[in-house]
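# Architecture and fold: a report
Here is what each chain is made of, one letter per residue.
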Amino acid sequence: MSELASYESFKIEVKDHIAHVQFCRPEALNSMNKAFWLELPRCVQDIEANTDARVIVISSTGKHFSAGMDLGVFTDPKSVPMSGDPGRMAENLRRVVLQLQDTLSSLEKVRLPVLAAVHGGCIGGALDLVCAADSRYCTADAYFTIKETELGMTADVGTLQRLPKLMPEGVVRELAYTGRKFGAEEAQRLGFVNSVYESQEAMLDGVMAIAAQIAANSPLAVTGCKEMINFSRDHSVEDSLRYMATWQSGMFRPTDMMKSFQAKAQKQAPVYDDLFPVKGLFNS
């Protein structure tokens, strides 16, 4: 493994094929400042290229998971000019929003499953982030809110596009129109979170155990599951079945299955090869 870069917004630990990414600005309620938006996709790519991780767990520190978007992102005149030709300002703002969306979409595009472990407040942009994770878990004191509505804007980096695929649409509409908080019990009842834990320590223990189960499976089989589920969410059943057949014809090899059978016969845990690391074009 290569040495990971250091980040202002995150601490990363990789152990037993699990990459644990922790937000590390508790004094600022882990708000999503400019560094955060630039660093998240780099962090994910760093894990893919330079570690043997097979699953990513995202958690946080301090009182809240994240207070959401740092308003400094939109008040910087260099990034979002507030004067000049209206058409050019609009084109620039659209591009900025697309770039912010791409930052969170990195969690969907990474071939590793991403598990979000949430405690305290998950507010505004932080909700956009966890909607892009594969699975969500939270503490009993956690709450979520589409805060942007209350602030006078429409949420724009993924919640309104992903949340209706994760919860009943009528509920999502209510949450979006009102901006009200919804807590752990409601989130679990609606299927938004998989499990609720009494404490952050218990949650991390539980999520790490789930991550270990994922990491013990064939990484090729797991990444195939993620690819298929993401594709099926956005396409018809017929299109998804055809893509599945094409994927299987190209990706399926009996090697990992034979390892599974041999390990079971020997009453041992199977040991699978890692996927090749994801590198930039022509990078060694």
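Presented here is a report on the structure given in the accompanying data block. Being a predicted model, the structure only gives us computed values, none of them experimental. (Residues numbered from 1 in each chain as written. Predicted model: local features only at pLDDT ≥ 70, side-chain atom pairs only at ≥ 80, totals over all residues. Heavy atoms only, no water.)

### Focus on the sheet that holds strand β8 (residues 181-183)
The mixed open sheet is built from three strands, whose spatial order is β5-β7-β8. Edge positions in the sheet fall to β5 (121-123) and β8, since each of these pairs with one other strand and no more. Geometrically, the sheet is characterised by an average inter-axis angle of 20° between neighbouring strands, direction not taken into account. Bridge count for β5 against strand β7 (residues 143-145) is three bridges, and the pairing is parallel. (Pairing = 2+ DSSP bridges. Helix = DSSP H or I, 4+ residues; strand = E, 2+ residues; numbered from the N terminus. Axes fitted to C-alpha atoms, helices over the stretch in contact; angles between N-to-C directions.)

### Quick look at the environment of glutamate 48
Within the secondary structure, glutamate 48 is located in helix α1 (residues 34-50). For glutamate 48, a relative accessible area of 13% puts it in the buried group. Sequence separation of glutamate 48 and tyrosine 143 is 95 residues, and the distance between their C-alpha atoms is 30 Å. The residues touching glutamate 48, leaving out its near neighbours within four places in the chain, are Val110, Arg111, Pro277 and Val278. At 3.2 Å, the side chain of glutamate 48 and the backbone nitrogen of arginine 111 are in polar contact. (Buried < 20%, exposed > 50% of the residue type's maximum accessible area, 1.4 Å probe, protein only. Contact = heavy atoms within 4.5 Å. Polar contact = N/O pair within 3.5 Å; in protein donor to acceptor, adjacent residues only side chain to side chain.)

### Structural notes on the packing of helix α10 (residues 219-234) against helix α11 (residues 237-251)
The contact between α10 and α11 brings their axes to 10 Å, and the two run at 160°. On the basis of the axis angle, α10 is roughly antiparallel to α11. Here the hand of the crossing between α10 and α11 comes out right-handed. Two secondary-structure elements touch here, α10 through Leu220, Gly224, Glu227, Met228, Phe231 and Ser232 and α11 through Asp239, Ser240, Tyr243, Met244, Trp247 and Met251. Of the residues assigned to the contact of α10 with α11, the class counts are seven nonpolar, three polar and two charged. (Parallel < 35°, antiparallel > 145°, perpendicular 65-115°, else oblique. Left-handed = near helix turned anticlockwise from the far one by under 90°. Nonpolar A, V, L, I, M, F, W, Y, C, P; charged D, E, K, R; others polar.)

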